[in-house]
Structure formats: structure tokens, C-alpha cells
Amino acid sequence: ASEPFNRPNSSSSSFTLVGVPSSESFPTCWGILFCSGYIITLVGNGVVLLVIGLNNSLRDPIHLFLAMLAIIDVVMVTSIVPKMLSIFWLKSTEIGYMACFVQMFLVHSTTSVESGVLLAMAVDRYVAICHPLRYQAILNRQTIAQIGLAIVVRALLFIVPLTGMVTNLPYCRSRVVPHSYCEHMAVAKLACADPRPSRLYSVAGSSLIVGMDMAFIAVSYRMILKTALRKKSCWKAFSTCGCHLCVLLLYYVPGIVSIYAQQFGSGISVHAQVLLADLYLTLPTMLNPIVYSIRTKQIRQAVLELL
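Residues numbered from 1 in each chain as written. Predicted model: local features only at pLDDT ≥ 70, side-chain atom pairs only at ≥ 80, totals over all residues. Heavy atoms only, no water.

Caption draft 1: Local environment of the state of the cysteines. Under the counting rule described, the total for this entry stands at one disulfide. The disulfide bridge from cysteine 100 ends at cysteine 182, spanning 2.0 Å between sulfur atoms. Since a negative S-S torsion denotes a left-handed disulfide, the cysteine 100-cysteine 182 link at about -125° is left-handed. Taken together, the residues span a long stretch of sequence, with cysteine 100 in helix H3 (residues 97–130) and cysteine 182 in the loop between strand S3 (176–177) and helix H6 (184–188) at a distance of 82 residues. Accessibility assignment for this pair places cysteine 100 and cysteine 182 in one class, buried. (Disulfide = S-S within 2.5 Å. Helix = DSSP H or I, 4+ residues; strand = E, 2+ residues; numbered from the N terminus. Buried < 20%, exposed > 50% of the residue type's maximum accessible area, 1.4 Å probe, protein only.)

Caption draft 2: Here's a closer look at the packing of H3 against helix H7 (residues 196–228). Running from N to C, H3 and H7 cross one another at 15°; their axes reach a closest spacing of 9 Å. One finds that H3 runs roughly parallel with respect to H7. The handedness of the crossing between H3 and H7 is left-handed. Across the interface between the two elements, Ser112, Ser115, Gly116, Leu118, Leu119, Ala122, Val123, Arg125, Tyr126, Ile129 and Cys130 from H3 touch Ile209, Asp213, Phe216, Ile217, Ser220, Tyr221, Met223, Ile224 and Thr227 from H7. Looking at the contact of H3 with H7, its residues break down into 13 nonpolar, five polar and two charged. (Axes fitted to C-alpha atoms, helices over the stretch in contact; angles between N-to-C directions. Parallel < 35°, antiparallel > 145°, perpendicular 65-115°, else oblique. Left-handed = near helix turned anticlockwise from the far one by under 90°. Contact = heavy atoms within 4.5 Å. Nonpolar A, V, L, I, M, F, W, Y, C, P; charged D, E, K, R; others polar.)

Caption draft 3: Local environment of the packing of helix H1 (residues 27–54) against helix H11 (residues 297–306). With their axes 10 Å apart at the nearest point, H1 and H11 run at an angle of 90° to one another. One finds that H1 runs roughly perpendicular with respect to H11. Here Val47, Leu50, Val51, Ile52 and Leu54 of H1 come into contact with H11, specifically with Ile299, Ala302, Val303 and Leu306.

Caption draft 4: Here's a closer look at the sheet that holds strand S1 (residues 14–17). Taking strand neighbours across the sheet as the criterion, the three strands line up as S2-S1-S3 in an open arrangement whose pairing is mixed. What marks the edges here is a single partner per strand, and that holds for strand S2 (94–96) and S3. Where S1 and S2 come together, three bridges link them in antiparallel fashion. Note that in S2 the partner of threonine 16 across the bridge is glutamate 94. Along the sheet, H3 makes contact with S1 and S2, crossing S2 at roughly 85°. (Pairing = 2+ DSSP bridges.)

Given below as C-alpha cells:
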């Protein structure tokens, strides 16, 4: 049981995903739940991308950032849900060595990119409310492209070393991952070597990214609040931020709870930790397009015209 394997080029090297531990008696129900969420995510984000692509009036910065968010959400759920459904419905629990680490890379890079896009959307709201006359000049197409590139590069600088650290660990013969996808700490715990360096790097890196983004978002909203209170149309200014605040809560609250439950929640059952991690990745991606379609007048009207 202690014999290690570290053969990235070997097709025989693989891991076994459990799905949701202690819920083996009703996998069909979990499959239906996550399949329904996946379909809603694909349809909702697909409609948002379609209406933004077809309407020239929706090419302003906030809608371009919304399109980025929709693409990230689709990539995120597509990297995990199809495999989860094969576990629940087809009992196909095995995942290849390289496929596992590719899935790990996609999951953790998209979560980092999404945090960056939410920060960019907060900056957009700050410029729109505090500097409305300079909005188009500040957030032009070139600036948006540079912001998008910076967000992606930051995510890569964080996730590439983490993936490398976990990939280079020697893994023991017991390769059962008590998770629905290749969550990096669940995989690293199977290593014959000490996984603490990757664990510390993960906690420090994710805390730095999330903490920095949340700090800048808080500063943006403090300045928005200060500016809006001086205007007569105070409520109108706040209403333009409503969707973004809802999406922030949907993303950061479950994310922070899930991350620290995985790292430090020794008193939390594995079943609850896995469900938290699954919901953290699937619930916001499903609700984001619904929130924007209901609360944003331009998106709602464009969707109705499309239908």
C-alpha cells in the first residue's frame, strides 16, 4: 500500500473519484440535481452571451465584463459536472492521471479569474458613478482587453506553481479521492510525501487573491457610497450596483466557507465538505445569469426580444 507511483506518462496511472461520500444509496438523485443545474447554467449563460453578441447597445464595459463572467462560469461547470454525472449515473469513477490534473488546473484557475472579473466589475461601477463623464474614455476597449489579460495572467501565476507542486508529489497505491472532482488538497493527501508545502501555498495564495480583491471591492463601494450620498439620484446610483452585490455574495460567501472548511474544518464531516465544494462551483454559475436577467433592464429586454 505504500509503494509510490509518479508516472505522468503512464496511462495506467489514475485516480478514483468517490462522488459525494456517504450518499452512495441515492446517486441518481444527485445526478438529477447537478444535471438540472448544469443545463440551467449552460442555457442561462448561453442566452446572456447571445444577447450581448447580437445587440450593439450591450457592448459597453459592464456587459463585456458580464460576458467574461458567463464564459468563465461555463468553463468552470463543464470541467466538473460531466464527470460527476458519469460517477452518479454510469459508475465511471476512474479519472486518468493527466485528466485529473487538467481538471484541477481548470477548476482553480477559473475561480481565480472569476474573482478578478468581479473586481473589474466593481471598478466599472465606481467609474460609472464617480466619474460618469469620463466613463468611455477610462474604460475603452483597449483598457478592458488589458484588464482581462491581467486577470488571466494573475490566475496562471498562482495556479501553475500549485498544479506543479501537486503533480510532482509521489502518490501511493491507494488512489481513492473522497471528492466529486480533483480538488487539489483531496488529491495531495494521497501522496506518500508531505503535502503541507502545497497546502500552505494554496491557503496563502487563495487568501491573498480573495483578500486583495475583496479589499479593493470594499474601497470601490466606499467611494461609490460617498459619491452617491451627495447626489439627488442616490437610489438610482445604488440600484445599478444591485446585481453586482448579489453576485459578489453568491461567489465569496460560499467560496470562503468552502475553502476554510476544506483546509481547517477537521470537525466538519467529509460529506459536508464535498457538498460545500460542489455547491460553491455550481450554484453561483447557475444563479448569476438569472440575477442579471431579472435585475438588469437592458439584459431583460434583450432576452424578451430574442424570445
